Amino acid sequence: MRKVYTRPRLLKRVPFHYCPGCGHSVVHRVMTELIDEMNLGDRIIGIPPPGCSVFAYHYFDVDMAESAHGRGAAVATGIKRAFPEAIVFTYQGDGDLAAIGTAETIHAANRGERITAIFINNAVYGMTGGQMAPTTLSDQVTTTTPYGRDTKIEGYPIRMSEIVALIRGAVYIERTAVNSPANIRKTKKAIRKAFQAQIDDLGFSLVEILSPCPTNWRMTPLESWQWIDKVMTKEFPLGVIKDITGKNDAD
Amino acid sequence: MSGNSTIGEAAIRAGCQCYFGYPITPQNELTEYMAAHLGRKKGCSFIQAESEIAAINMVYGASLVGARAMTSSSSPGISLKQEGISYLAACELPAVIVNMSRGGPGLGSISASQSDYFQATRGGGHGDYRTIVLAPSSGQELADLTHRAFDLADKYQIPVIILGDGMLGQMMEPVEFKHEAPEELPIRGNALRGAKGRPSRIIKTFTSKPTELEEINWSLFRRYQLIRKEETAFETFLVEDAKLIVVAFGIAARIAKGAIKNARTNGMRVGMLRPVTLWPFPSEKVKELAKRTRHFLVFEMNMGQMIEDVQLALEGKGEVSFYGRPGGVIPTPSEVLRVVSRLYHQKGLESGK
Amino acid sequence: MLIKTIFAGFGGQGVMSMGLNLAQAAMLEGKNVTYLPSYGAEVRGGTANCTVAVSDEEIASPVASSPDFIIAMNQPSLVRFQNQIQSGGVLFINSSLIEAEISRGDIDIVRVPANSIAEKLGSPRSANMVMMGAFTKKSNIVSVSSVIEGLKSALKDKQKLIAINEKALMAGYDLL
Ligand SMILES: Cc1ncc(C[n+]2csc(CCOP(=O)(O)OP(=O)(O)O)c2C)c(N)n1
Ligand code: SF4
Ligand SMILES: [Mg+2]
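These numbers were taken from a predicted model, which means no experiment stands behind them.

Quick look at the overall build of chain C
Then step 1. For chain C, the helix and strand inventory stands at 6 helices and 6 strands.
Then step 2. When the helices and strands of chain C are placed in sequence order, the string is β-α-β-β-β-α-β-β-α-α-α-α.
Then step 3. Taken along its principal axes, the extent of the C-alpha atoms in chain C is 40 × 40 × 35 Å.
Then step 4. Buried positions account for 54% of the 176 residues belonging to chain C.
Then step 5. The long-range fraction of contacts in chain C, counting pairs at least 24 apart against all pairs at least 6 apart in sequence, stands at 56%.
Then step 6. With the model as given, the accessible surface of chain C reaches about 7500 Å², and the carbon-plus-sulfur share is 52%.
Then step 7. Averaging the locations of the 15 positively and 15 negatively charged side chains of chain C gives two centres separated by 7 Å.

Digging into the confidence of the model for chain C
Then step 1. Model confidence for chain C is summarised by a mean pLDDT of 92, while 96% of its residues fall at 70 or above.
Then step 2. In the predicted assembly, ipTM is 0.82 and pTM is 0.89.

A few points about the sheet that holds strand S9 (residues 244-247) of chain B
Residues and elements named next belong to chain B.
Then step 1. One open sheet holds the 5 strands; their spatial order is S8-S10-S9-S12-S13, and the pairing between them is mixed. Each edge of the open sheet is held by one strand with a lone partner, namely strand S8 (234-237) and strand S13 (319-324). This sheet shows a mean twist of 20° between the axes of neighbouring strands, independent of strand direction.
Then step 2. Here 4 bridges tie S9 to strand S10 (residues 270-275), and the two strands are oriented parallel to one another. In the sheet register, Val 247 faces S10, and the bridge partner there is Leu 273.
Then step 3. Along the sheet face, helix H9 (residues 250-265) touches S8, S9, S10 and strand S12 (295-300) and points at about 165° away from the line of S10.

A word on the site of ligand 1
Then step 1. In the vicinity of ligand 1, 23 residues are found, and the nearest of them are Cys 52, Asp 94 and Gly 126 of chain A together with Pro 23 and Glu 52 of chain B.
Then step 2. Proximal residues around ligand 1 fall on chains A and B, making this an inter-chain site.
Then step 3. Contact between ligand 1 and Asn 122 of chain A: an oxygen atom at 3.0 Å from a side-chain N or O atom of the residue.
Then step 4. For ligand 1, the accessible surface in isolation is 590 Å², of which the surrounding protein chains cover 98%.
Then step 5. Elements with a contribution of two residues or more to the shell around ligand 1: helix H3 (94-100) and strand S5 (124-125) of chain A together with helix H4 (75-90) of chain B.
Then step 6. Tallied by class, the residues present in the shell around ligand 1 amount to 11 nonpolar, 9 polar and 3 charged.

What about the sheet that holds strand S5 (residues 90-94) of chain C?
All names here are of chain C.
Then step 1. Sheet architecture is open: 6 strands sit in the order S2-S3-S1-S4-S5-S6, paired in mixed fashion. Sheet topology places strand S2 (32-37) and strand S6 (108-112) at the edges, where each strand pairs with a single neighbour. Recorded for the sheet is a direction-independent mean angle of 15° between the axes of neighbouring strands.
Then step 2. Here 9 bridges tie strand S1 (residues 2-10) to strand S3 (residues 47-55), and the two strands are oriented antiparallel to one another.

Some points on the pairing of strand S7 (residues 170-177) of chain A
Residues and elements named next belong to chain A.
Then step 1. The element S7 is largely enclosed, with a buried count of 8 among its 8 residues.
Then step 2. For S7 and strand S8 (residues 204-210), the ladder comprises 7 bridges, and the chain directions are parallel. Of the residues in S8, the one forming a bridge with Thr 176 is Ile 209.
Then step 3. Each parallel crossover has a hand, and for S7 linked through helix H7 (residues 181-199) to S8 it is right-handed.

Section: the nonpolar core
Residue and element names in this part refer to chain B.
Then step 1. Counting residues in hydrophobic clusters, the biggest one holds 111 residues, and the most contacted among them are Met 34, Met 70, Ile 132, Val 246, Val 270 and Phe 299.
Then step 2. Top element by residues in this core is H9. It accounts for 8 residues.
Then step 3. For this core, the two domains that each supply at least three residues are domain 1 (3-231) and domain 2 (235-351).
Then step 4. Residues within four places of Ile 132 in sequence aside, it is in contact with Leu 152, Tyr 156, Ile 158, Pro 159, Val 160, Ile 161, Ile 227 and Trp 279.

So, unusual backbone geometry
Then step 1. Here Gly 104 of chain B and Pro 105 of chain B are connected by a cis peptide whose omega angle stands at 0°.
Then step 2. Mapped onto the fold, Pro 105 of chain B is located in the loop between strand S4 (95-103) and strand S5 (109-112).
Then step 3. The linkage connecting Trp 279 of chain B with the following residue, Pro 280 of chain B, adopts the cis geometry, with an omega of 0°.
Then step 4. With a phi angle near 50°, Gln 157 of chain B is a residue other than glycine that sits in the positive phi range.
Then step 5. Looking at Gln 157 of chain B, the relative accessible area reads 17%, which means it is buried.
Then step 6. Of note in the backbone geometry, Lys 156 of chain C takes a positive phi value of approximately 50° without being a glycine.
Then step 7. Mapped onto the fold, Lys 156 of chain C is located in the loop between helix H5 (144-154) and helix H6 (159-173).

Details of the site of ligand 2
Then step 1. Among the 11 residues in the neighbourhood of ligand 2, the closest are listed as Cys 19, Cys 22, Cys 52, Cys 213 and Asn 216 of chain A.
Then step 2. The site occupied by ligand 2 is bordered by residues of chains A and C.
Then step 3. If one sorts the elements of the shell around ligand 2 by residue count, helix H8 (residues 214-217) of chain A sits on top with 3 residues.
Then step 4. For the shell around ligand 2, a count of residues per class yields 6 nonpolar, 4 polar and 1 charged.

Regarding the state of the cysteines
Then step 1. According to the stated counting rule, one finds 0 disulfides over all chains in the structure shown.
Then step 2. This cysteine, Cys 91 of chain B, is not joined by any disulfide, and Cys 18 of chain B carries the nearest cysteine sulfur, 17 Å off.

What about the interface of chain B and chain A?
Interfaces are often sized by the accessible area lost when the parts come together.
Then step 1. Every contact between the two is made by 18 residues of chain B and, on the other side, 21 residues of chain A.
Then step 2. Both sides together, the interface formed by chain B and chain A hides about 1500 Å², and carbon and sulfur atoms give 56% of it.
Then step 3. Counting across the interface, chain B meets chain A through 0 salt bridges.
Then step 4. Inspection of the region where chain B meets chain A yields 10 residue pairs in polar contact (both at pLDDT 80 or more).
Then step 5. Looking at the side of chain B that touches chain A, the elements that each hand over two or more residues are helix H2 (28-37), strand S2 (45-48) and helix H3 (52-64) of chain B.
Then step 6. A per-element tally of the side of chain B that touches chain A places H2 of chain B first, with 5 residues.
Then step 7. Considering only residue class, the side of chain B that touches chain A consists of 9 nonpolar, 5 polar and 4 charged.

A few points about the pairing of S9 of chain B
Residue and element names in this part refer to chain B.
Then step 1. Side-chain alternation along S9 places Leu 244 and Val 246 on one buried face and Ile 245 and Val 247 on a second face that is also buried.
Then step 2. A crossover connection joins S9 to the parallel S10 through H9; in handedness this β-α-β unit is right-handed.
Then step 3. Here S9 runs beside S12; their pairing, made up of 4 bridges, is parallel. By the bridge assignment for S12, Leu 244 is matched with His 295.

Conventions we followed
- Residues numbered from 1 in each chain as written.
- Chains lettered and ligands numbered in written order.
- Predicted model: local features only at pLDDT ≥ 70, side-chain atom pairs only at ≥ 80, totals over all residues.
- Heavy atoms only, no water.
- Helix = DSSP H or I, 4+ residues; strand = E, 2+ residues; numbered from the N terminus.
- Buried < 20%, exposed > 50% of the residue type's maximum accessible area, 1.4 Å probe, protein only.
- Contact = heavy atoms within 4.5 Å.
- Areas by Shrake-Rupley, 256 points an atom, 1.4 Å probe, with all protein chains shown as cover.
- Lys, Arg positive; Asp, Glu negative; His and termini not counted.
- Charge placed at Lys NZ, Arg CZ, Asp CG, Glu CD.
- pLDDT = per-residue confidence, 0-100.
- Pairing = 2+ DSSP bridges.
- Axes fitted to C-alpha atoms, helices over the stretch in contact; angles between N-to-C directions.
- Near = heavy atom within 4 Å.
- Polar contact = N/O pair within 3.5 Å; in protein donor to acceptor, adjacent residues only side chain to side chain.
- Nonpolar A, V, L, I, M, F, W, Y, C, P; charged D, E, K, R; others polar.
- Right-handed = clockwise from strand over helix to strand, strands pointing away.
- Core = buried A, V, L, I, M, F, W, Y, C linked by side-chain atoms within 4.5 Å.
- Domains from an automatic or database assignment.
- Disulfide = S-S within 2.5 Å.
- Buried area = accessible area lost by both parts, 1.4 Å probe.
- Salt bridge = Lys/Arg side-chain N within 4 Å of Asp/Glu carboxyl O.

Structural data, given as structure tokens:
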């Protein structure tokens, strides 16, 4: 019999603490698979700041270090500057990357740091209990927008990838989702390209991943997959947002 | 009502007009309470800021124009606010800052802890300043001290810190609110409201003349002396005949009280001093108690921070022991009782009169 | 008198509202009470619990390291809490969802098929109230009428919900 599905070698044998249907688990799986395939396991360093994924180091069997909230890009910069052989990624939530860490992210991108940001956009602050994130959609109800996000008061959902794309040091930016097998495959491919840009010493790369948070969206896992399709992608369209790596799509 | 919501309700009833915060466990219920109850209130404003640094600076702005303003966070976020608190102190601006603290250092744990005592009572940020620090130990006190915090902040034009912890924030207890929200508060006389009908006004800290800054420091210091004299608050429990006095604050004091009651039924003469203001610290009271009682046990949920204030107050005139659990571990009353009994016997306190 | 109870189960099983219900009832009876929910990352992965302390005197610590009563609504809660319960304490098990044998002989065990009773009553979501009824009777911390009063104030004027919950509560209460 042919084995079609196996546990990625770099995914530790411990049960996830994530809620059922959470996108973090899927991205972890995809990334550990990819890191192994690209043979990066022994020189990759991951930085998961606070967020539901702060414990990512329990699952990734690679070197990882925690950073303060929002400071991932700065910490990754330090690592990369001191140890350029490393492949460095941050694994940040939308609160982390697009609110408290906006400055760090923008300036790391502007310096063209050879690091990769994995940006999990679930439109809420998951870990702290479902408060408004900068990416929360208009009218979306969260625990700090109990009447729905009113753009006149709370501003608009921020399109961080598009903003970072304007920065010259950023070389590869793509938005994907993990709400269907096809989209999950695309996510893997996008992260591969982002890592490749770093390996090729080209500049800053970022992959934004629309990721379900059934718990705080108060939906079933299936409903949350559909919500990404029907609602979230209207605000955050999927696709390559910037690619100046000069590499053509291999397939 | 959870402790966090209690603070929110008490703040609104104290006339708090502006709340700016950033999510962090274990104080989120407070931010959420303000989003639901202050956000749509006339003349009031709620913002979920992009960071704690932003939040405290928003408070600074609101205070500049005379509003009663508050922010809240937990330990890592309070570290970020220190710069802003220093500016508030320097500009003599009132503000209320809530720290529902958690285990540290670093990201630490979200469990209740008292490891921010030093940070809270020594100013916390850069420069030569103090803030009033209130340490509630029950749901009712969360309500009462929140109200007091706004009044003290206005009275002395100073930032006031409410130092709670994760457990106080999460716990629900019956609470009675003693005030109704005021219709309208008078605008503070020195607020920036535009120079209509008066000369323009500057609020700033920077100066090129050291002597000018020295004068500011002196004037702050004189006010701090006044606060020391007028506002020091504490609770004593069974200290009159005590041979051993436990000194504890906040949630730890509550746990200690349970242990002391049991110690009393076992015939041990143990009492308690609970500072309600951590700054100003009730040093005079410690000194006075030391005239009758020689032995003090400082009990904290950290590695020993308030103990330094007790030792300073005693000036070597008593014997101080320490028991602490850091990291967010919550000691039980029976654990504290064991410590108390051991110490009581070690020091031979059961013998004699 | 100081009595501590831990309610534990899946998120969505209503364990937090059981705890609140007891706290509310105790408050109505003029007792001292604290309610401490589990929170933060602890709640991820779908389990929830809360601790209620009821006493005639001031409550020193709201934490229960060796509770008098534990209500386990699902298997993981049983595994997590069964060793904490005080010798002589009572363990309430939702036998609709828990099959495991209990290894301790020094505690009283009350098995309540909460889900199947609730289903029979036509309101599968009120399994927590069935358990609450059994707990109220056996624990004798508060009277069943206070629990009902508490329910009414929590559910405000949702008459239909109150009726359903009350029926489930009494079904559990009459079980023992
Ligand atoms: C200085 C500081 N402020 C606040 C927090 C609390 N905190 C932890 S994670 C988080 C945000 C989580 O949201 P996001 O980054 O979107 O990640 P998610 O959990 O949704 O994956 C916050 C505010 C903190 N750890 N440090
Ligand atoms: S709260 Fe949301 S983001 Fe966090 S683990 Fe649960 S589903 Fe995932
Ligand atoms: Mg998020």
